[in-house]
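Understanding the architecture of this molecule
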Amino acid sequence: MFLKKILAVCVLSSIFAISGCQKKEQDSKEKIEEVSQSGFKMDAAQMMTHLHAFEQIAKQHGGNRAVGTQGGLASADYILDHAKKAGFTTEVQAFENREKTKGQNIIVEIPGESKQDIILLGAHYDSVKMGPGINDNASGVALLLELMAQLSQQKIKPKHSIHLAFWDSEEVGIAGSQAYVKKLTADQLKAIKAYINVDMVGTKDPEILIADGDKSSLDEMEKMLKERGMQEQDYKPLLDGLRSIPSHSGDLALENTLKAFFKAKNLEIKEDVATLTASDTAPFLGKVPVTSVILFNEQMKGDELEFAPCYHKACDTIEQVDPKSMQLAGDAVVHLLISLDQD
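The structure contained in this document is the topic of the report that follows. (Residues numbered from 1 in each chain as written. Predicted model: local features only at pLDDT ≥ 70, side-chain atom pairs only at ≥ 80, totals over all residues. Heavy atoms only, no water.)

Let's talk about the overall build of the protein
Worth spelling out the cut-off: Elements are defined by DSSP. Helices are runs of H or I of four residues or more, strands are runs of E of two residues or more, and each kind is numbered from the N terminus. Contact criterion: two residues are considered in contact whenever any of their non-hydrogen atoms come within 4.5 Å of each other.
A count of helices and strands for the protein gives 12 helices and 11 strands. Counted over contacts in the protein with a minimum sequence separation of 6, partners at least 24 positions apart contribute 83%.

Here it is, written out as structure tokens:
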């Protein structure tokens, strides 16, 4: 995940935790029950199998799966092979990032009853050059591969077509998703009912970050910083920058759907604006409704904030991944899909 430029933002954003132990509304309970009764269940064991495969790919190709490397190309082949086994149509989109390195996005189309509207889910499959990137972000890729397998095996025909986007070069300029969005026409953008980003979902003992689409947490942040005696000139540029992030009228509905899911499980959540610009949601902001499923466990390592153990390091291996976190994230994605497919 491309986050180093916003470390200070994340530190501030993490101040605001919203307890999931509030009284649940009846409609939230009913929607959670609809997911559990739908028969559509993600399998964490299968997701872990994919993670083992990606780790082996990295080990066999210099210890990483970075864009343009043999490990990156092997990761793309692995995704394409599983899409073929699932019987879905794929499109490979080539591009160059800012370093003139060639990358390739993989788009898997799962046809729905109507092709008028599309639900787009994305996860970047490239790692940094310093490590294998198993949590960041083979975990998100494994989740989408399991989703693809379940849709195929259960012969589910969604109301809206589902496109799974496996982005390349997120770690270098968020280039893959940028290239994808640049090629979309106005009508194609309008057809995207929602974009759901899945990144770092294997984190142990996770904090649940909810993309704050309506930026409601910023007013609380400003109030707290004032109370702590911080000078306006020190925090105002940061808050003004966050308030200027483009938004879409549909962002809040997605935010509330995710909140309802995690609150029904009595889990603590955090609203965070900065995550919207930090990964593959960035190119979609203000153009389509967006949200993200991200599991962090922030901790200080010396003077540096680490978003999860071994973030962007060689030790970002499968040992850092918790199957329970993978299952939680998978269930959250299914909840979003079922909620969207009812509209």
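There's plenty left to go through after this.
A short note on the state of the cysteines
Definition in use: Defined by distance alone, a disulfide is two cysteine sulfur atoms within 2.5 Å. When accessible area is computed with a 1.4 Å probe and restricted to protein chains, residues below 20% of their type maximum are described as buried, those above 50% as exposed, and intermediate ones as partly exposed.
Inspection of the entire model under this criterion finds one disulfide. The disulfide partner of Cys 310 is Cys 315, and the S-S distance across this bridge is 2.0 Å. Because the sign of the S-S torsion sets the handedness, a value of about -105° for the bond joining Cys 310 and Cys 315 places this disulfide among the left-handed ones. When its relative accessible area of 12% is taken as the criterion, Cys 310 is described as buried. For Cys 315, a relative accessible area of 31% translates into the label partly exposed.

As for the pairing of strand β7 (residues 207–211)
Keep this limit in mind: Any two strands between which DSSP finds at least two bridges are classified as paired.
In terms of burial, β7 is largely enclosed, as four of its five residues are buried. In this structure, β7 lies alongside strand β9 (residues 290–296), joined through three bridges in antiparallel fashion. The residue bridging Glu 207 from the neighbouring strand is Phe 296, located in β9. Where β7 lies against strand β8 (residues 269–272), four bridges are found, and the strand directions are parallel. Residue pairing across strands places Ile 210 opposite Glu 271, the latter belonging to β8.

Concerning the side chain of Asn 297
The condition that has to hold: Under the rule applied, a polar contact is a pair of N or O atoms within 3.5 Å (in protein, one hydrogen donor and one hydrogen acceptor; residues adjacent in sequence only if both atoms are side-chain atoms).
Looking at the secondary structure, you find Asn 297 in the loop between β9 and β10 (299–301). Side-chain polar atoms of Asn 297 contact the backbone oxygen of Lys 204, separated by 3.2 Å. In this structure, Asn 297 is in contact with Thr 203, Lys 204, Asp 205, Glu 207, Glu 306, Phe 307, Ala 308 and Pro 309, ignoring residues within four places of it in sequence.

A word on the pattern of salt bridges
Note on pairing: side chains with opposite charge can pair once their charged atoms come close. Where we set the bar: Here, a salt bridge means any Lys or Arg side-chain nitrogen found within 4 Å of an Asp or Glu carboxyl oxygen.
Within this structure, the stated rule accounts for nine salt bridges. Between Glu 255 and Lys 259 there is a salt bridge, and its shortest N-O distance comes to 3.2 Å. Of this pair, Glu 255 and Lys 259 both sit in helix α10 (residues 251–264), four residues apart, which is roughly one turn of the helix. Accessibility assignment for this pair places Glu 255 and Lys 259 in one class, buried. Here Lys 259 makes a salt bridge to Glu 271, at a shortest N to O gap of 3.1 Å. Of this pair, Lys 259 sits in helix α10 while Glu 271 sits in strand β8; the two residues are 12 residues apart in sequence, bridging distant segments of the chain. Owing to a relative accessible area of 6%, Glu 271 belongs among the buried residues under this scheme. Bridged by salt links that share partners, the residues Asp 219, Glu 222, Lys 226 and Arg 243 form one connected network.

Considerations on the pairing of strand β3 (residues 102–110)
Counted residue by residue, β3 has seven buried out of nine residues, so it is predominantly covered. Sheet topology note: the strand β2 (residues 89–96)/β3 ladder contains eight bridges and is antiparallel. If you follow Thr 90 over to β3, its bridge partner there is Val 108. Judged from the five bridges that link them, β3 and strand β5 (residues 160–167) form a sheet pairing that is antiparallel. Of the residues in β5, the one forming a bridge with Ile 106 is Phe 166.

Some words on the environment of Gln 70
Inspection of the secondary structure puts Gln 70 in helix α4 (residues 70–86). The exposed category is assigned to Gln 70, whose relative accessible area is 52%. When the C-alpha atoms of Gln 70 and Ala 58 are compared, they prove to be 8.9 Å apart, with 12 residues separating the residues in sequence.

Details of α10
To keep it simple, the criterion reads: By this rule the span expected of a helix is its residue count minus one, scaled by 1.5 Å.
Between its first and last C-alpha atoms α10 spans 20 Å; for 14 residues at 1.5 Å apiece the expected length is 20 Å, and the two agree. Looking at α10, one finds that the buried residues are Asp 251, Leu 254, Glu 255, Thr 257, Leu 258, Lys 259, Ala 260, Phe 261 and Phe 262. Asn 266 sits one or two residues past α10 and shows a positive phi near 60°.

A word on the environment of Val 201
Structurally, Val 201 can be placed in the loop between β6 (192–199) and β7. Considered as a pair, Val 201 and Ala 138 are 63 residues apart in the sequence and their alpha carbons are 9.1 Å apart. In this view, Val 201 contacts Asn 135, Ser 139, Gly 140, Leu 143, Val 293, Leu 295, Ser 325, Met 326 and Ala 329; residues no more than four positions away in its chain are not counted.

A word on the packing of helix α3 (residues 44–60) against helix α5 (residues 134–153)
In plain terms, the rule: To obtain each axis, a line is fitted to C-alpha atoms, and for helices this fit is confined to the stretch in contact; angles are then taken between N-to-C directions over 0 to 180 degrees. If an angle is under 35 degrees, it is roughly parallel; if it is over 145, roughly antiparallel; if it lies from 65 to 115, roughly perpendicular; otherwise it is oblique. The hand of a helix crossing depends on one turn: near helix anticlockwise from the far one by less than a right angle means left-handed, and clockwise means right-handed. When residues are sorted by character, Ala, Val, Leu, Ile, Met, Phe, Trp, Tyr, Cys and Pro go into the nonpolar class, Asp, Glu, Lys and Arg into the charged class, and all the rest, Gly among them, into the polar class.
Across the interface, α3 lies against α5 with an axial gap of 9 Å and an inter-helix angle of 130°. Classed by the angle they form, the pair α3 and α5 counts as oblique. Crossing angle aside, the handedness with which α3 passes α5 is right-handed. Taken together, the residues of α5 that come into contact with α3 (itself represented by Gln 46, Met 47, His 50, Leu 51, Phe 54 and Glu 55) are Ile 134, Ala 138, Ser 139, Val 141, Ala 142, Leu 143, Leu 145 and Glu 146. A breakdown of the residues in the contact of α3 with α5 according to their chemical character gives nine nonpolar, three polar and two charged.

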